[in-house]
Amino acid sequence: MDHQTVSEVLAKQAIGSTVLLKGWVRTFRSNRFIALNDGSTLKTLQVVVDFENTEKETLDKINTGACLAIKGDLVKSQGQGQDVEVHATDIRVLGECDPNVYPLQPKKHSMEFLREIAHLRPRTNTFGAILRIRHALAFAIHQYFNERGFFWMHTPIITGSDAEGAGEMFNVSILDKKNIPLNEDGEVDYKQDFFGKEANLTVSGQLEAELGATALGKVYTFGPTFRAENSNTTRHLAEFWMIEPEVAFADLDDNMDLAEDFLKKVIQYVLQACPDDLQFLADRLANEEKSKPQNERSEMGLIEKLQFVADNNFRRVSYTEAIDILRNSKPNKKKKFQYLIEEWGADLQSEHEKFLVKHFGAPVILFDYPAKIKAFYMRLNEDQKTVRAMDILFPGIGEIVGGSQREERYDILKQKIAEFGIEEESLWWYLETRKFGTCVHSGFGLGFERLVLFVTGMTNIRDVIPFPRTPGSAEF
Ligand code: 4AD
Ligand code: MG
């Protein structure tokens, strides 16, 4: 007999049928009631043990964390808290678990502690819910693009170009660390390395996605990206997943429309696909809010907040307008910002982004940033000062999306590359797309974990990826 998942059994409610379940014990009460979870759903299934007809040796092994195979009859539950339960006829212990040393006890553990046992934390309600929601979001993203004629493009993870300039890169090398070969200039001789040149882990698939868009029209990437920035914050990972659509014949307005519609649709998808997990996380968040001072509590619950974002227009605000708002804001005048906004051209910090989102009471799309604080490939505006960049700022998160219309004019792009001090040879292939049938095109990058952070209401990005990589930490 094939086993069924708890999720299937609860959905079918086939009272009177015999079921075979396999899962892990969450709790075992009164030598009689097992709460069995198999990860297919947040819910546990109550299994009633016939303790008089069960061997003592088996009973002794039914502990929190133990893995069991249970055969039994599905019946209407007499007790409260569940509609159905399983009356066990046969219990087999597949994997024992010593309750005296099992780190996951049926009680509340801190997020910090759970990070130390990331190999076991998927077995908790919170992380089970997060991982299921993470999957649903990834699925919704692929579905969204597939339905709109985008092609998923697999851009390289090992890259020979540092074109993006998005941050420090992780070097990929097989050179002998104890005996690194040097060239005549005394620098590392990458000619002797695996690829015959310096290679790194990619910080973004964008430049290669542009090559795809100028051939297939609409493409997107969805893969891991790596940044060796030493930013030990609740919003940064050294390894994170990014989604980067790139669209030919789309200008910045089209790009903003796409990003807004995309975010709303994937949020709508989880709202309907993951009601139990979201409700669990909403309750968890509401509980946490209670311990905060009144003025720091958020006005909306998690599900309300998601619904709000899905239903309401994002506010589109130019960088110049945003700088005026920030300059005249209370925290700026009272010197409450860590970085005071003094003049046009200032780079925005997370504190400013959060202020703007609060100010508008909605997600904000900032556009037309100063060329100096953005990447070389963004299209220069007529004013020669700003570029067609856009960032989307979300409540509680700050920047969730960064994108732009790309500079498609060969001469201007060449000049920008020089101004940014980038070696033109390293980008010869990128420049050629501007030489051979160039076209207007745009795209953006969504940080997947920042989206999961927003949707789950968690506060630390380390808690929305199974095994976080951050400075000083690469366990598991
Ligand atoms: O703004 P970024 O650096 O943009 C790019 O990489 C462009 N190539 C995207 C494009 O136009 N195709 O990064 C995009 C997003 C950010 O908005 C943020 O959500 C996320 O990636 N991100 C990070 N997420 C987690 N940890 C980090 N260290 C991140 N750095 C960026
Ligand atoms: Mg950015």
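Quantities reported herein were computed from a predicted structural model and do not represent experimental measurements.

Notes on the domain arrangement of the chain
Then, in step 1: Split by domain assignment, the chain resolves into domain 1 (6-107) and domain 2 (123-168 + 203-463).
Then, in step 2: A straight line from the C-alpha centre of domain 1 to that of domain 2 covers 44 Å.
Then, in step 3: If you look at the interface, domain 1 gives ten residues, while domain 2 gives seven residues.
Then, in step 4: Together domain 1 and domain 2 conceal approximately 760 Å² of surface at their shared face, both sides included; 46% is due to carbon and sulfur atoms.
Then, in step 5: On the domain 1 side of the contact with domain 2, R26, L42 and L104 bury the most area, a combined 62% of that side's loss.

Quick look at the environment of F194
Then, in step 1: With respect to the helices and strands, the residue F194 is situated in the loop between β7 (158-159) and β8 (200-201).
Then, in step 2: F194 gets classed as exposed once you look at its relative accessible area, which sits at 58%.
Then, in step 3: Each C-alpha atom of the pair F194 and N230 lies 27 Å from the other, and the pair is 36 residues apart in sequence.

Points about the sheet that holds strand β1 (residues 18-29)
Note: strands within a sheet are paired through backbone hydrogen bonds, in either parallel or antiparallel orientation.
Then, in step 1: If you walk around this closed barrel you meet the five strands as β1-β2-β3-β5-β4, and the pairing is mixed. For this sheet, the mean inter-axis angle between neighbouring strands, taken without regard to orientation, is 55 degrees.

A look at the environment of D193
Then, in step 1: For D193, the position within the fold is in the loop between β7 and β8.
Then, in step 2: D193 has contacts with V172, S173, I174 and L175, leaving out every residue within four places of it along the chain.

Re the pattern of salt bridges
Then, in step 1: With the rule as written, the count across this model stands at 25 salt bridges.
Then, in step 2: The closest approach of N and O atoms between E246 and R406, which form a salt bridge, is 2.8 Å. With E246 in strand β10 (residues 239-248) and R406 in the loop between β14 (398-405) and α12 (410-419), this pair connects stretches of sequence that are 160 residues apart.
Then, in step 3: Using a relative accessible area of 2% as the deciding quantity, one classes R406 as buried.
Then, in step 4: In this structure, R284 and E288 form a salt bridge, with 3.3 Å as the shortest nitrogen-oxygen distance. Of the two residues, R284 and E288 are both situated in helix α7 (residues 275-290); the distance of four residues between them amounts to about one turn of the helix.

Details of the site of ligand 1
Then, in step 1: In the vicinity of ligand 1 lie 24 residues, with Q206, R227, E244, E399 and I400 positioned nearest.
Then, in step 2: Contacts to ligand 1 include I400, whose backbone N or O atom sits 2.8 Å from an oxygen atom.
Then, in step 3: Starting from 630 Å² of accessible surface for ligand 1 in isolation, the protein chains cover 92%.
Then, in step 4: Of all the secondary-structure elements, those providing two or more residues to the shell around ligand 1 are β10, β14 and β15 (441-447).
Then, in step 5: Considering every element that reaches the shell around ligand 1, the biggest residue donor is β14, with five residues.
Then, in step 6: Residue classes in the shell around ligand 1 are distributed as eight nonpolar, eight polar and eight charged.

Digging into the packing of aromatic side chains
Then, in step 1: Per the stated rule, a full pass over the model turns up 20 aromatic pairs.
Then, in step 2: Aromatic pair Y319 and Y369: ring centres 5.6 Å apart, planes at 40 degrees, arrangement tilted. With Y319 in helix α9 (residues 319-327) and Y369 in strand β12 (residues 364-370), the pair connects residues that are 50 residues apart, well separated along the chain. With respect to class, Y319 is no different from Y369; both count as buried.
Then, in step 3: Between F337 and F355, the ring centres sit 5.9 Å apart and the planes meet at 85 degrees, which makes this aromatic pair edge-to-face. Linking F337 in the loop between α10 (330-333) and α11 (350-360) with F355 in helix α11, this pair joins segments that are 18 residues apart in sequence.
Then, in step 4: The class for F337 is buried, based on a relative accessible area of 7%.

Calculation notes
- Residues numbered from 1 in each chain as written.
- Chains lettered and ligands numbered in written order.
- Predicted model: local features only at pLDDT ≥ 70, side-chain atom pairs only at ≥ 80, totals over all residues.
- Heavy atoms only, no water.
- Domains from an automatic or database assignment.
- Contact = heavy atoms within 4.5 Å.
- Buried area = accessible area lost by both parts, 1.4 Å probe.
- Helix = DSSP H or I, 4+ residues; strand = E, 2+ residues; numbered from the N terminus.
- Buried < 20%, exposed > 50% of the residue type's maximum accessible area, 1.4 Å probe, protein only.
- Pairing = 2+ DSSP bridges.
- Axes fitted to C-alpha atoms, helices over the stretch in contact; angles between N-to-C directions.
- Salt bridge = Lys/Arg side-chain N within 4 Å of Asp/Glu carboxyl O.
- Near = heavy atom within 4 Å.
- Polar contact = N/O pair within 3.5 Å; in protein donor to acceptor, adjacent residues only side chain to side chain.
- Areas by Shrake-Rupley, 256 points an atom, 1.4 Å probe, with all protein chains shown as cover.
- Nonpolar A, V, L, I, M, F, W, Y, C, P; charged D, E, K, R; others polar.
- Phe/Tyr/Trp six-rings, centres within 6.5 Å; stacked < 30°, edge-to-face > 60°.

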